[in-house]
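Descriptive structure summary
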Amino acid sequence: MILSQAITIIESNLEEDWKLSTELLEKIIHATGNAIRIGITGVPGVGKSAFIDALGTCITGLGKKLAVLTVDPSSQITRGSILGDKTRMEELSRQPLAYIRPSPSGSTLGGVAQKTNDVVLLCEAAGFEVIIIETVGVGQSEVTVKNLVDFFLLLMLAGAGDELQGIKKGITEVAHAIVITKADGANLENATAAKASYEQALHLTTPTDSKWTPKVITTSARTGSGIEEVWNMIISFQDQMMQDGTLEKSRRQQKIDWLEVYFQELLDLDISGHQTVQSEKKKLEDQLIEKKISAHSAAEKLLRAYHNEIRNATK
Ligand SMILES: Nc1nc2c(ncn2[C@@H]2O[C@H](COP(=O)(O)OP(=O)(O)OP(=O)(O)O)[C@@H](O)[C@H]2O)c(=O)[nH]1
Ligand SMILES: [Mg+2]
């Protein structure tokens with residue numbers, strides 16, 4: 001599959017592939033932006049894979065092409081979980097309209113998210129209409145992933161004794177909906193009660209970026225209850241956000257933010273590539289520690305050294 005090969009280039013850490021990636025993205029950029037991008041997060045074991053299996057099967061059942069990407073900076077350590085994930089999305093992996101791609105490698109969450117951003121563009125150019133990005137809830141990741149998606153869904157377990165724990169600043173500021181998982185069997189009653197308390201808690205916080213009021217839905221991947229409701233909610237979110245221009249506005253901001261991210265990365269790379277700047281830095285660090293210089297003027301000197309380097313290089 002050509003898409004897989006393109007993604008491999010994007011995900012590569014080799015310098016020659018960076019150039020190829022840039023060319024590739026340049027060619028497809030006009031054909032991007034047409035999918036609805038959904039972020040799904042939650043603690044390990046909350047039921048993300050099972051939920052995506054069910055939701056994804058519902059989406060492909062409607063005839064839509066769906067790509068599922070995962071963002072997991074910890075997957076380096078637990079490489080095995082990727083294989084596990086494919087098998088845990090058993091139903092979905094059998095659907096011809098679905099494409100499941102595990103997390104790219106990278107040592108930082110920022111790096112992984114950056115690559116995922118490019119992969120989203122590739123998937124859109126390849127004609128995928130819905131993109132789901134699964135991420136493990138590890139604090140900061142929610143905020144980073146927000147820059148990748150239009151709609152952000154937080155999965156929560158009922159009866160885990162932490163009912164209101166997730167209603168922390170940060171998460172509720174980015175979540176458009178809370179899904180209570182495993183609402184079946186003996187857990188059904190707990191889930192219903194949790195829904196009520198989440199709704200109340202959400203009522204007290206105001207969503208920052210839109211007129212959208214966060215929703216709470218109970219689901220079960222096992223019985224299928226609530227799954228279609230989630231999809232309908234996402235559709236009505238998309239409709240509403242398209243009509244009032246919020247979607248456009250958020251996409252615009254995301255693009256600007258990504259430019260900043262890529263530019264910073266190139267700058268860092270460039271700076272670290274100049275040997276003289278590095279040795280100047282070392283010198284300044286020593287002076288700093290010996291109180292011969294303030295951090296302020298050390299930074300200015302370093303910038304000057306960098307500028308000189310560039311000037312010399314372009315001569
Ligand atoms: N009863 C019930 N169990 C479920 C449901 N969904 C998932 N489970 C179980 O919960 C466990 C974890 O589910 P996963 O879907 O693997 O959870 P996850 O959030 O993807 O976990 P990680 O990938 O490890 O972060 C599995 O044993 C599932 O069988 C559900 O709707 N009802
Ligand atoms: Mg999983």
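See above for the structure.
Presented here is a report on the structure given in the accompanying data block.

This part takes up a nonpolar patch on the surface. A surface patch of nonpolar side chains, amounting to about 300 Å² of accessible area, comprises Trp-18, Leu-266 and Leu-269. Overall, Leu-269 belongs to the exposed group, its relative accessible area being 53%.

Take the layout of surface pockets next. Each pocket or cavity is described by its volume, and for the largest pocket that value is around 1,200 Å³. Trp-18, Leu-25, Gln-114, Asp-118 and Tyr-262 are, among the 38 residues lining the largest pocket, the residues nearest its centre. Elements with a contribution of two residues or more to the lining of the largest pocket: helix H1 (2–11), helix H2 (15–28), helix H6 (109–125) and helix H11 (246–273). Among the elements that line the lining of the largest pocket, the one with the most residues is H11, at twelve residues. Residue composition of the lining of the largest pocket, grouped by class: 13 nonpolar, 13 polar and twelve charged.

Between its terminal C-alpha atoms helix H13 (residues 295–314) stretches 29 Å, which fits the 28 Å expected from 20 residues at 1.5 Å a residue. Taken together, the buried positions of H13 are occupied by Ala-298, Ala-305, Tyr-306 and Glu-309. Taken end-on, H13 shows its buried residues confined to a sector of 100 degrees, consistent with a single buried face. Along H13, exposed side chains directed more than 90 degrees from the buried face belong to His-296, Glu-300 and Thr-314. Here the buried face of H13 lies against H11 and helix H12 (275–289).

All right, on to the pairing of strand S6 (residues 177–181) then. Among the five residues of S6, five are classified as buried, and the element is accordingly described as predominantly covered. Of the two faces of S6, both are covered, the one formed by Ala-177, Val-179 and Thr-181 as well as the one formed by Ile-178 and Ile-180. Of the pairings in the sheet, the one linking strand S5 (residues 151–157) to S6 comprises five bridges and is parallel in character. Bridge pairing links Leu-153 to Ala-177 in S6. Two strands pair when backbone bridges link them, and S6 and strand S7 (residues 215–218) are joined in this way by four bridges, in the parallel orientation. Following the sheet pairing, Ile-178 is matched in S7 by Val-216.

This part takes up the packing of aromatic side chains. Going through the model one piece at a time under the given rule, you end up with five aromatic pairs. Note on Trp-258 and Tyr-262: the rings are 6.0 Å apart at their centroids and 40 degrees apart in plane angle, and the pair reads as tilted. Here Trp-258 and its partner Tyr-262 are both found in helix H11, four residues apart, which amounts to about one turn of the helix. Residues Trp-258 and Tyr-262 agree in their burial class; the two are buried. Three or more aromatic residues joined by ring pairs make a cluster, and in this case those are Phe-151, Trp-212 and Phe-237. We note Lys-65 situated over the ring of Phe-128; from NZ or CZ to the ring centre the distance is 4.5 Å. Looking at Lys-215, its charged tip hangs above the ring of Trp-212, at a distance of 3.9 Å from the centre.

Analysis parameters
- Residues numbered from 1 in each chain as written.
- Chains lettered and ligands numbered in written order.
- Predicted model: local features only at pLDDT ≥ 70, side-chain atom pairs only at ≥ 80, totals over all residues.
- Heavy atoms only, no water.
- Patch = residues over 30% accessible without salt bridge, like charges linked within 9 Å, V, L, I, M, F, W, Y side chains within 5 Å.
- Areas by Shrake-Rupley, 256 points an atom, 1.4 Å probe, with all protein chains shown as cover.
- Salt bridge = Lys/Arg side-chain N within 4 Å of Asp/Glu carboxyl O.
- Buried < 20%, exposed > 50% of the residue type's maximum accessible area, 1.4 Å probe, protein only.
- 1 Å grid on protein atoms, 1.4 Å probe; cavity = no way out; pocket = protein on both sides within 12 Å on 5 of 7 lines; lining within 4 Å.
- Points joined across faces, edges and corners; volume = space filled by probe spheres on them.
- Helix = DSSP H or I, 4+ residues; strand = E, 2+ residues; numbered from the N terminus.
- Nonpolar A, V, L, I, M, F, W, Y, C, P; charged D, E, K, R; others polar.
- Expected span 1.5 Å × (residues − 1).
- Arc of directions from axis to C-beta.
- Contact = heavy atoms within 4.5 Å.
- Pairing = 2+ DSSP bridges.
- Phe/Tyr/Trp six-rings, centres within 6.5 Å; stacked < 30°, edge-to-face > 60°.
- Lys NZ or Arg CZ within 6 Å of the ring centre and 35° of its normal.

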